[in-house]
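# Inside the fold
As a plain string of letters, each chain reads:
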Amino acid sequence: MVATTNQSFTQSSSLVKNENKLDINTSTSSHQSTIFCLSSGKGKCGIAVIRVSGQACRQVLKDMAQFHHMPIPRQAVLRKIVDSGNGVVIDKGLVIFFPAPHSFTGEDCVEFHLHGGPAVVSALLCALHSIPGCREAHPGEFTKRAFMNGKLDMTEVEGLGDLIHAETEVQRRQALRQMDGDLSQLYQGWRADIIKCVADLEAFIDFSEDQDIEEHVVESVKSRVGKLRLEISRHLHDNRQGERLRDGVQVVILGEPNVGKSSLMNALSQRPAAIVTDVAGTTRDIIETHLNIAGYPVLLSDTAGLRDTADKVEKEGVIRARKRAEQADVKVVVLDLQQWQNCKNNNRKSSITEFVISQINSLGLQLYQASASSLQILNADLSDSDSTPQLVDEEYCQTIIVLNKLDLVQGNTLEDLKSIDNKVLNCAVGSCLEAQSGRELEPNSPVDFPSVCCVSCTTGEGMQEFLAILESKLKIMCGDPLAGSPSLTQARHRSHLTKCLADLEQFGQMTPADDFVIASEALRRVLREIGKLTGKITTEEILDVIFRDFCIGK
Ligand SMILES: Nc1nc2c(ncn2[C@@H]2O[C@H](COP(=O)(O)OP(=O)(O)OP(=O)(O)O)[C@@H](O)[C@H]2O)c(=O)[nH]1
């Protein structure tokens, strides 16, 4: 018998069926109660939206909005809304019916749009309570039902959760893309590829004794698995752009005492978040504030001034500052231009580059700029399945060097400063730092040198330029959520895909002498991991974790 394409297809579809056997029973059972909830915000407002989902919706429409025939689906109708228990009119408002399965949850759904007074809302909720089979929804229960009824997969559910929690414009864009199914499509595509590979391989195992078997089948599977391996590697080694955007970019302000770190923190957050005094060592602990900078979510940290000190409390502050520096996505290193002015005044020759380098050296901070992994991945050739790069997880961060107290620079020193080309300064400082880090730069590598800029926290001079640089660094760290293939956004995804990659790599090491049955089992494990990723295979425990972060009414 010859392993034909058709056989492969037949196997492929039976494989899908087997895969589906792994699913937990996700269909919503018909005896489930009907749920309702206030879906708009609490408190007095113009309009309140109350949603109902489940079998009792038709009864609700009859009893509370006096529909003897069901209204036209998805069309708002103005009705008097009545408490069917006592016949009292609650309010006059819009009623919309979404019959199953064409609703958010996949069940019959009703939406009431009423006046947003607390008494109206509470009267409607009480009236719904009295309808048999109706109860208030738990947090995220509408979405859980949508998931159970196959309306959304797990990544889309997570995208929806992120959309609800999105606080900045760029976060919103990423969440919307995920909710719209871009990530789901990517993972489903990978799953379909693996199903095809398993089918071909198993056809080969079953029919390999026949001389007519197409010899290239195994090689073709290996090559397709190799490509997939590279795609997943690329997706995993994206310098955590999507996760960073979801969780917030860690921007840490570092420097010696008294250089103006807290002043910069206050200027950025536009409030006196940190105490500013002329006493060196004022800030001891880490002070954090959440900011929205050009649509990017930022966790900004002010830290204790870095210096050797005998003071127990300050010492602990310095340890914390250094630890925080290690976790930073963007390091903002503040230097005091008055110190450079003093050098000049004392006739000590020092160019601004020399000053910056010597100051940074004395702080003892690591200021790497680009990760080797990102460079290798960027340069890898997708068409060559054997070129899976060896990935090195290296620190990846961006640095901005802020020369503060510009207002205190005068005379010739100011003239010197103004005559310097910023690009030349960036390159000079960058080259020195790279040389000191002992790393060799690859030619034409997309390495960003630290950016240097001059500001005065007192007068605000240079602050716009600093903000523009910070914005460009945030863009580099988070990427554009709408460009290219969708980003990995959650640690959960990372964990499943890392396991997939390990199994794909194991498969890639298979030799003709190996047992193909064991090799195909590795691919089946990949299928199971992708199933867990998209929620095809799940447990109540995982569902509880995912839905508990949803708000009531969603
Ligand atoms: N003239 C001038 N003074 C500044 C500027 N920025 C900060 N200062 C002053 O410098 C002093 C120290 O400022 P801070 O912001 O507390 O400095 P810090 O780096 O946080 O200090 P530590 O808490 O000791 O680490 C204060 O007296 C500020 O008013 C500036 O741009 N120009």
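Residues numbered from 1 in each chain as written. Predicted model: local features only at pLDDT ≥ 70, side-chain atom pairs only at ≥ 80, totals over all residues. Heavy atoms only, no water.

- An unreviewed UniProt entry annotates the protein as TrmE-type G domain-containing protein of Dreissena polymorpha.
- Note on the protein: under the UniProt heading Subcellular location (unreviewed entry), the record states "Mitochondrion".
- UniProt annotates the protein under Sequence similarities (unreviewed entry) with the comment "Belongs to the TRAFAC class TrmE-Era-EngA-EngB-Septin-like GTPase superfamily. TrmE GTPase family." (UniProt positions renumbered as here; feature names shortened; annotations may be inferred.)

## Details of the nonpolar core
- Counting 31 residues, the largest nonpolar core has Tyr187, Ile232, Leu497 and Leu523 as the members making the most contacts within it.
- Elements with a contribution of two residues or more to this core: helix H7 (182–207), helix H8 (216–236), helix H18 (491–508) and helix H19 (516–534).
- Here Leu523 is in contact with Ile194, Cys197, Val198, Val221, Val225, Leu504 and Phe507, once residues within four sequence places are set aside. (Core = buried A, V, L, I, M, F, W, Y, C linked by side-chain atoms within 4.5 Å. Buried < 20%, exposed > 50% of the residue type's maximum accessible area, 1.4 Å probe, protein only. Helix = DSSP H or I, 4+ residues; strand = E, 2+ residues; numbered from the N terminus. Contact = heavy atoms within 4.5 Å.)

## Quick look at helix H6 (residues 169–179)
- If you check which residues of H6 are buried, you get Val170, Gln171, Gln174, Ala175, Arg177 and Gln178. Taken down its axis, H6 places every buried residue within 160° of arc, on the same side.
- Gly181 sits one or two residues past H6 and shows a positive phi near 100°. (Arc of directions from axis to C-beta.)

## Some points on the sheet that holds strand S5 (residues 109–116)
- The mixed open sheet is built from six strands, whose spatial order is S3-S4-S5-S2-S1-S6. A strand with exactly one partner marks an edge of an open sheet, and here the two such strands are strand S3 (77–82) and strand S6 (134–136). Strand after strand, the sheet turns through a mean of 30° between neighbouring axes, direction not considered.
- Bridge count between strand S2 (residues 45–53) and S5: eight bridges; the pairing is antiparallel. Bridging across to S5, Arg51 finds its partner in Glu111.
- Sheet contacts for helix H4 (residues 141–148): strand S1 (34–38), S2 and S6; angle to S1, the most-contacted strand, approximately 140°. (Pairing = 2+ DSSP bridges. Axes fitted to C-alpha atoms, helices over the stretch in contact; angles between N-to-C directions.)

## Thoughts on the environment of Glu461
- You can see Glu461 is positioned in the loop between strand S12 (451–454) and helix H17 (463–478).
- Counting along the chain gives 54 residues from Glu461 to Asp407, while the straight-line C-alpha distance between them is 8.1 Å.

## Quick word on the sheet that holds strand S9 (residues 296–302)
- Within the open sheet, the six strands sit side by side as S8-S9-S7-S10-S11-S12. Their pairing is mixed. Strand pairing shows two members of the sheet lacking a second neighbour, strand S8 (287–293) and S12, which therefore form its edges. Shown here is a sheet whose adjacent strand axes are inclined to one another by a mean of 25°, direction ignored.
- Here strand S10 (residues 330–336) pairs with strand S11 (residues 398–404) via seven bridges, running parallel.

## Details of the packing of H8 against H18
- One way to put it is that H8 packs onto H18 with a least axis distance of 10 Å and a crossing angle of 150°. What the angle tells us is that H8 and H18 run roughly antiparallel. In the packing of H8 onto H18, the handedness of the crossing is left-handed. Judged by residue contacts, Val221, Lys222, Val225, Leu228, Arg229, Ile232, Ser233, His235 and Leu236 of H8 engage Arg494, Leu497, Thr498, Cys500, Leu501, Leu504, Glu505, Phe507 and Gly508 from H18.
- Tallied by class, residues from the contact of H8 with H18 come to 10 nonpolar, four polar and four charged. (Parallel < 35°, antiparallel > 145°, perpendicular 65-115°, else oblique. Left-handed = near helix turned anticlockwise from the far one by under 90°. Nonpolar A, V, L, I, M, F, W, Y, C, P; charged D, E, K, R; others polar.)

## Re helix H12 (residues 337–345)
- Among all positions in H12, only Leu337, Trp340, Gln341 and Cys343 are buried. The buried residues of H12 all sit within an arc of 155° when viewed along its axis, so they share a single face.
- In this structure, the buried side of H12 is in contact with S10, helix H13 (352–363), S11, helix H15 (411–419) and S12.
- Where H12 begins, the capping side chain belongs to Asp336, and its oxygen is found 2.8 Å from the backbone nitrogen of Gln338.
- Positioned one or two residues after H12, Asn347 has a phi angle of 60°, which is positive. (Polar contact = N/O pair within 3.5 Å; in protein donor to acceptor, adjacent residues only side chain to side chain.)

## So, the side chain of Arg324
- Inspection of the secondary structure assignment puts Arg324 in helix H11 (residues 312–327).
- On the accessibility criterion, Arg324 (14% relative accessible area) is buried.

## Observations regarding the side chain of Thr489
- Take Thr489: it is sitting in the loop between H17 and H18.
- Here Thr489 falls in the buried class, since its relative accessible area comes to 2%.
- Of the polar contacts made by the side chain of Thr489, one reaches the side chain of Gln178; its length is 2.8 Å.
- Those residues within four positions of Thr489 in sequence are excluded, and the remaining contacts are Gln174, Gln178, Leu183, Gly242, Glu243 and Arg246.

## Description of the pairing of S1
- Burial runs high along S1: five of the five residues are buried.
- Here S1 shows two buried faces, one formed by Thr34, Phe36 and Leu38 and the other by Ile35 and Cys37.
- Relative to S6, S1 runs parallel, the two being bridged by three bridges. Along S6, the bridge assignment pairs Thr34 with Cys134.
- Alignment of S1 against S2, held across four bridges, turns out to be antiparallel. Bridging from a neighbouring strand, Ile35 pairs with Ser53 of S2.

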